[in-house]
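# Analysis of the macromolecular model
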Amino acid sequence: MLSVCTLIHFAVDGLCAAVMAGYAVNEPDFARIVYYFSLYNATAFGGQWIAGLMLDKHNRFILPSLVIVPVLLALGMLTEAGIFFQAIFLGLGNCIFHVAAGIIIMIRSDNFREPGIFVSSGAVGLGLGLGSFVGALWFWALCTGGTIILVHRLLKDRTAYTFSRDDTHISAPVFAGALILLLCVVMRGFGGNSNIPEYAMLMPCVYMLGKSAGGIVCDIIGYRKTILLIFIMCFVSLQLSGYASLILLTFAFNMTMPLTLRLLHRYFPEYPGLTFGLAAGCLLPGAFFGEYMRIFPDVMAAVQFMGMFAAWLIFCRYGRCAESLQHS
C-alpha cells in the first residue's frame, strides 16, 4: 500500500499545484494570486488536524473519504466554479487525502522509513505542477486510477485502516515534549523550503530525497545517531557557500520530517490522523511568513537538534513507548 499511497500523493499535490499555477499565469493582480494561494494552503494544511481528529474517532469513514478525494479534485479543476471555490475544493481534497492515507501509513508499520517515503513524493508532484511540466488532467487520471487500486486493496484487508482507540491521560511532560516536536516542525517550515530559479526541479528532488533518507537512515542507525548526523550536516553546510550550502542544508532539514512525525505517533498511537495533521499544520507559518520573518540557519539547526533530542529524552522517561525509543 505504501507504493500506491505514495503515487497518489504525487498526483494529488501535482494536480493542485497545476491548477493553481494555471490560474496564476492568467491573473495580472499579484495580490489576488497571493490571496488564493493562501486560501488553498490554509484549507489543505490548516484543516488536516480537524479532519485527522474526525477520522481518528470514526475510522470506518477512512475508506469513503478516499473515494471523495478524486471528486473534490475534479470540482477543483472546473474553471467555471471560480477560483475561490476551486481553491476550497482543491484544499479539501488535498486535506482529506493526506490525513486518510497518512493514517494508513502510520498504523500499518512502526518504522521511520514509510512516513518519509510517503510524504516525499508530494514535493516532486508539486514542482512538476507549479512548473507546468505536467497538466492537471494527467495528474487527476493518475490519482483516480491509484485511488481505485487503493480502495480495492482496503476492501480486501480492512485491518489496514481500522484501529482501536484508548483515551488515556496525557502527562504534562509528554504534552510539553509534543509541543517541542511541533516547534521543530515550525522551524522546518521556515528552513526546509528553498528555491534555485535556474533549476526548477532541483530543490523538489532535494526535498524528496531528504524526507526519504531521513526515515531510511533512522531505521538503520537509530534516532539518536540520526539527529546527530543531521546536526553535523547542518554545521558542514554552514561552512560552505552558494548552492552547495543551500542544497545540503535543505536536505538536512527535510531529513527531520519522518523523525518528528513517527515520534509523535509512537506516543499517541490512538491519534494517527491528529498527529499527522498537526505536523502538517505546523508548516503553515513558514509558508505564510517565510518571506517576512528571517531566522538564521544556525539558529534553526540548533533549535532542531536540541528540540528533537529533548523530546526524545522526555518520551523515553515518561512515554508509554519508552522501551522502543531507548533502543532507537
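Residues numbered from 1 in each chain as written. Predicted model: local features only at pLDDT ≥ 70, side-chain atom pairs only at ≥ 80, totals over all residues. Heavy atoms only, no water.

Another point: the overall build of the chain. Scanning the chain from N- to C-terminus turns up 16 helices and zero strands. Expected size for 328 residues packed as a compact globule is a radius of gyration near 20 Å; at 19 Å, the chain falls within 12% of this value. Counting only C-alpha atoms and orienting by the principal axes, one finds that the chain spans roughly 55 × 50 × 30 Å. Within the chain, the proportion of its 328 residues that are buried is 54%. When the accessible surface of the chain is summed, it comes to about 14,600 Å², and 70% of that surface belongs to carbon and sulfur atoms. For the chain, the centre of its 18 positive side-chain charges and the centre of its 16 negative side-chain charges are spaced 8 Å apart. (Helix = DSSP H or I, 4+ residues; strand = E, 2+ residues; numbered from the N terminus. Rg over C-alpha atoms; globule rule 2.2 N^0.38 Å. Buried < 20%, exposed > 50% of the residue type's maximum accessible area, 1.4 Å probe, protein only. Areas by Shrake-Rupley, 256 points an atom, 1.4 Å probe, with all protein chains shown as cover. Lys, Arg positive; Asp, Glu negative; His and termini not counted. Charge placed at Lys NZ, Arg CZ, Asp CG, Glu CD.)

Taking 1.5 Å as the rise per residue, helix 1 (residues 2-25) with 24 residues should run 34 Å; its terminal C-alpha atoms sit 34 Å apart, in good agreement. Of all 24 residues in helix 1, 19 are buried, a share of seventy percent or more. (Expected span 1.5 Å × (residues − 1).)

As a further point, take the packing of aromatic side chains. Within the structure shown, the criterion is met by twelve aromatic pairs. Geometrically, the ring pair formed by Phe-112 and Tyr-223 is tilted, given 6.3 Å between the ring centres and 45 degrees between the ring planes. With a gap of 111 residues between them, Phe-112 in the loop between helix 5 (83-108) and helix 6 (113-130) and Tyr-223 in helix 10 (residues 223-239) connect regions that are remote in the sequence. By the burial criterion, Phe-112 is buried, and Tyr-223 matches it. For the ring pair Phe-118 and Phe-276, a centre distance of 6.2 Å and an interplane angle of 50 degrees mean the geometry is tilted. One end of the pair, Phe-118, is in helix 6; the other, Phe-276, is in helix 13 (residues 272-281), and 158 residues separate them in sequence. Here a set of aromatic residues connected by ring pairs shows up, and it is made of Phe-231, Phe-305, Phe-309 and Trp-312. (Phe/Tyr/Trp six-rings, centres within 6.5 Å; stacked < 30°, edge-to-face > 60°.)

Splitting the chain by domain gives domain 1 (2-160) and domain 2 (172-326). On a C-alpha basis, the centres of domain 1 and domain 2 stand 22 Å from each other. Facing 34 residues of domain 1, the contacting portion of domain 2 comprises 31 residues. When the two sides are added together, the surface that domain 1 and domain 2 hide from each other amounts to roughly 2,800 Å², 76% of it contributed by carbon and sulfur. (Domains from an automatic or database assignment. Contact = heavy atoms within 4.5 Å. Buried area = accessible area lost by both parts, 1.4 Å probe.)

What follows covers empty space enclosed by the protein. Within this structure, the stated rule accounts for one cavity of 30 Å³ or more. The calculated volume of the largest cavity comes to roughly 60 Å³. Every residue along the wall of the largest cavity is listed here: Ile-227, Ile-230, Phe-231, Cys-234, Phe-253, Thr-256, Ala-301, Gln-304, Phe-305 and Met-308. Of all the elements in the fold, those that place two or more residues in the lining of the largest cavity are helix 10 and helix 15 (297-318). Class assignment for the residues of the lining of the largest cavity results in eight nonpolar, two polar and no charged. (1 Å grid on protein atoms, 1.4 Å probe; cavity = no way out; pocket = protein on both sides within 12 Å on 5 of 7 lines; lining within 4 Å. Points joined across faces, edges and corners; volume = space filled by probe spheres on them. Nonpolar A, V, L, I, M, F, W, Y, C, P; charged D, E, K, R; others polar.)

For soluble globular proteins, the rule of thumb is that nonpolar side chains tend to be buried together. In this structure, Phe-118 and Leu-154 are the most contacted members of the largest nonpolar core, which totals 57 residues. Taken domain by domain, the makeup of this core includes at least three residues from each of domain 1 (2-160) and domain 2 (172-326). Apart from residues lying up to four places away in sequence, Leu-154 is in contact with Met-1, Leu-63, Leu-66, Ile-104, Ala-160 and Tyr-161. Core analysis: the next-biggest nonpolar cluster, separate from the first, contains 37 residues, Leu-264, Phe-268, Leu-274 and Met-300 among them. (Core = buried A, V, L, I, M, F, W, Y, C linked by side-chain atoms within 4.5 Å.)

A few words now on the pattern of salt bridges. As enumerated under the stated definition, the model contains four salt bridges in all. Here Glu-114 and Arg-108 are joined by a salt bridge, their closest N and O atoms 2.7 Å apart. On the accessibility criterion, Glu-114 (7% relative accessible area) is buried. Between Glu-114 and Arg-113 there is a salt bridge, with its nearest N and O atoms 3.8 Å apart. You can call Arg-113 partly exposed: its relative accessible area is 30%. Within this structure, Arg-108, Arg-113 and Glu-114 form a network of salt bridges that share partners. (Salt bridge = Lys/Arg side-chain N within 4 Å of Asp/Glu carboxyl O.)

Once that is clear, we can look at the environment of Leu-92. Its place among the elements puts Leu-92 in helix 5. Sequence separation between Leu-92 and Ala-42 is 50 residues; the distance between their C-alpha atoms is 9.9 Å. Setting aside anything within four residues of it in sequence, one finds Leu-92 in contact with Thr-43 and Leu-72.

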